[in-house]
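For reference, the chains in residue letters:
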Amino acid sequence: MYLCKDIRIDMEKKPLIGKNLEELRAVAAECGMPPFAAKQMARWLYEKRVTDIDAMTDLSKVARQRLAEAGYEVGREAPLAMARSVDGTAKYLFTGVGGRDVEAVCIPDKERVTICVSSQAGCRMNCSFCMTGKQGFHGSLTPAAILNQVLSVPESADLTNIVFMGMGEPLDNLDAVLRAVEILTAKWGLAWSPKRITVSSIGKIRELRRLLDETKVHVAISIHSPYPSERERLMPVERAYPIKEVIDLLRTYDFSHQRRLSFEYIMFGGLNDDRRHCMELGARLQGLDCRVNLIRFHSIPGSDLRSSSIEKMEEFRDMLNARGIIATIRASRGEDILAACGMLAGKGKNPPRM
């Protein structure tokens with residue numbers, strides 16, 4: 001920090017979380033530390049999950065002091081607030097970017113605990129059914145801010161799965177998402193299997209190809225209507241990334257073994273939930289090794305869309321299954337705290353301070 005006329009100006013802190021091994025080696029060199037200190041730092045950051053540089057006790061006191069003097073910190077930040085649903089789902093508010101905080105959601109389900117993380121504050125995609133899209137775009141999160149959601153929720157040690165389905169379009173912030181995935185799956189990082197990670201997208205084609213080529217994570221594509229004109233009204237990105245081209249790209253990859261391909265289909269009453277839509281969806285996906293997640297629409301302010309009945313959803317599911325396409329109805333979780341699909345908006349519903 002610097003002092004000037006009694007006004008304290010803090011040096012901008014640089015987080016260590018979010019850095020891969022190569023970047024940590026560069027930090028070590030900058031601070032006069034040997035190259036092997038990078039693995040030591042990685043172990044403290046991602047395996048031992050410390051929150052303070054002074055806890056890295058196999059680094060010398062001088063090395064830790066140099067890190068601090070160079071402006072580095074671990075970069076962990078506790079949630080600003082939380083809310084808990086009657087079904088056990090927990091929503092956490094984290095510092096975001098561009099004046100908008102972001103939300104992460106933890107969903108316990110028997111032996112599984114899934115965290116839904118955000119990759120952006122707001123979203124550029126402007127889908128008509130999504131509260132995140134309604135708030136506009138405020139900025140993309142850094143790898144540190146993405147990983148902080150995973151490392152800093154109270155359930156962190158019990159997490160079994162991660163889905164990039166929170167605020168933002170992950171492929172619109174691909175470099176940061178890829179860095180987070182690298183750290184989550186690397187042996188020197190959290191050492192997770194990529195089978196525990198799912199990235200959801202509207203289908204930005206060039207970025208989707210890169211995700212498929214550079215990772216082995218599961219992929220979920222938002223479709224919501226098999227008809228381009230209808231999908232465009234729900235999702236303006238259909239103009240730039242037609243679902244036909246997205247599916248054509250996906251057909252060039254193998255999803256029969258380790259990697260899973262899913263399509264997300266929010267069901268709107270009287271709009272996309274009849275037999276005609278089901279048959280067209282089945283025709284578009286025929287021969288593709290995939291599954292379809294049918295999702296109940298959760299009403300949001302300013303939208304006249306309504307949810308399909310459970311009877312319609314079950315009928316739609318059964319028709320798809322009869323055509324040989326695995327379809328399931330996703331259980332709705334956290335609706336009472338605005339934590340369900342499409343309801344994240346960067347602020348809690350009267351969340352208590354932690």
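Residues numbered from 1 in each chain as written. Predicted model: local features only at pLDDT ≥ 70, side-chain atom pairs only at ≥ 80, totals over all residues. Heavy atoms only, no water.

1. Focus on the environment of Arg-25
Then comes step 1: Summarising the element assignment, Arg-25 is placed in helix H1 (residues 21–30).
Then comes step 2: With relative accessibility at 39%, the residue Arg-25 sits in the partly exposed group.
Then comes step 3: With sequence-adjacent residues up to four places away left out, Arg-25 is seen in contact with Pro-35 and Ala-38. (Helix = DSSP H or I, 4+ residues; strand = E, 2+ residues; numbered from the N terminus. Buried < 20%, exposed > 50% of the residue type's maximum accessible area, 1.4 Å probe, protein only. Contact = heavy atoms within 4.5 Å.)

2. Things to note about the packing of H1 against helix H2 (residues 37–47)
Geometry of a packed helix pair, given as the angle between the helix axes and the separation of the axes.
Then comes step 1: One way to put it is that H1 packs onto H2 with a least axis distance of 8 Å and a crossing angle of 120°. Viewed along their axes, H1 and H2 form a crossing whose handedness is right-handed. Contacts between H1 and H2 involve Leu-21, Leu-24, Arg-25, Val-27 and Ala-28 from the first element and Ala-37, Ala-38, Lys-39, Met-41, Ala-42 and Leu-45 from the second.
Then comes step 2: Residues of the contact of H1 with H2, tallied by class, amount to 9 nonpolar, no polar and 2 charged. (Axes fitted to C-alpha atoms, helices over the stretch in contact; angles between N-to-C directions. Left-handed = near helix turned anticlockwise from the far one by under 90°. Nonpolar A, V, L, I, M, F, W, Y, C, P; charged D, E, K, R; others polar.)

3. Comments concerning H1
The α-helix winds at 3.6 residues per turn, so residues separated by three or four positions along the chain end up facing the same way.
Then comes step 1: Of all the residues in H1, the buried ones are Leu-21, Leu-24, Val-27 and Ala-28. One side of H1 carries all its buried residues, which in axial view fall inside an arc of 110°. Facing away from the buried surface of H1 by more than 90 degrees, the exposed residues are Glu-22 and Ala-29.
Then comes step 2: The secondary structure elements touched by the buried residues of H1 are H2, helix H3 (61–69) and strand E4 (72–73).
Then comes step 3: Where H1 begins, one side-chain oxygen reaches toward the backbone nitrogen of Glu-22, 3.3 Å away; that side chain belongs to Asn-20. (Arc of directions from axis to C-beta. Polar contact = N/O pair within 3.5 Å; in protein donor to acceptor, adjacent residues only side chain to side chain.)

4. Considerations on the pattern of salt bridges
Then comes step 1: In this structure the tally under the stated criterion is 19 salt bridges.
Then comes step 2: Taking the shortest distance from any N to any O, the salt bridge between Glu-238 and Arg-231 comes out at 2.5 Å.
Then comes step 3: Owing to a relative accessible area of 5%, Glu-238 belongs among the buried residues under this scheme.
Then comes step 4: One salt bridge connects Glu-232 with Arg-239, and the closest N-O pair in it is separated by 3.2 Å.
Then comes step 5: A relative accessible area of 58% places Arg-239 in the exposed class.
Then comes step 6: Ionic contacts of the salt-bridge type, sharing partners, join the residues Arg-124, Asp-172, Lys-204, Arg-206 and Glu-207 into one network. (Salt bridge = Lys/Arg side-chain N within 4 Å of Asp/Glu carboxyl O.)

5. Quick notes on the pairing of strand E8 (residues 112–116)
Then comes step 1: Taken across its 5 residues, E8 has 4 buried, putting it largely inside the fold.
Then comes step 2: Direction of pairing for strand E7 (residues 100–109) relative to E8: antiparallel, over a ladder of 5 bridges. Counterpart to Asp-109 in the pairing with E8 is Arg-112.
Then comes step 3: Between E7 and E8, which follow one another and run antiparallel, lie 2 residues, and Lys-110 among them has a positive phi close to 60°.
Then comes step 4: Note that E8 and strand E11 (residues 161–164) share 3 bridges and pair parallel. (Pairing = 2+ DSSP bridges.)

6. Let's talk about the packing of aromatic side chains
Two numbers describe a pair of aromatic rings. These are the distance of the centres and the angle of the planes.
Then comes step 1: Here the structure, examined in full by the defined rule, presents 4 aromatic pairs.
Then comes step 2: Look at Tyr-46 and Trp-188: their rings are 6.3 Å apart centre to centre, the planes differ by 50°, and that puts the pair in the tilted class. Of this pair, Tyr-46 sits in helix H2 while Trp-188 sits in the loop between helix H6 (174–185) and strand E12 (197–201); the two residues are 142 residues apart in sequence, bridging distant segments of the chain.
Then comes step 3: These aromatic residues form a ring-pair network of at least three members: Phe-129, Phe-268 and Phe-297.
Then comes step 4: Lying across the ring of Tyr-72, Lys-14 places its NZ or CZ 4.3 Å from the centre.
Then comes step 5: The positively charged end of Lys-48 is found above the aromatic ring belonging to Trp-44, 5.3 Å away from the centroid. (Phe/Tyr/Trp six-rings, centres within 6.5 Å; stacked < 30°, edge-to-face > 60°. Lys NZ or Arg CZ within 6 Å of the ring centre and 35° of its normal.)

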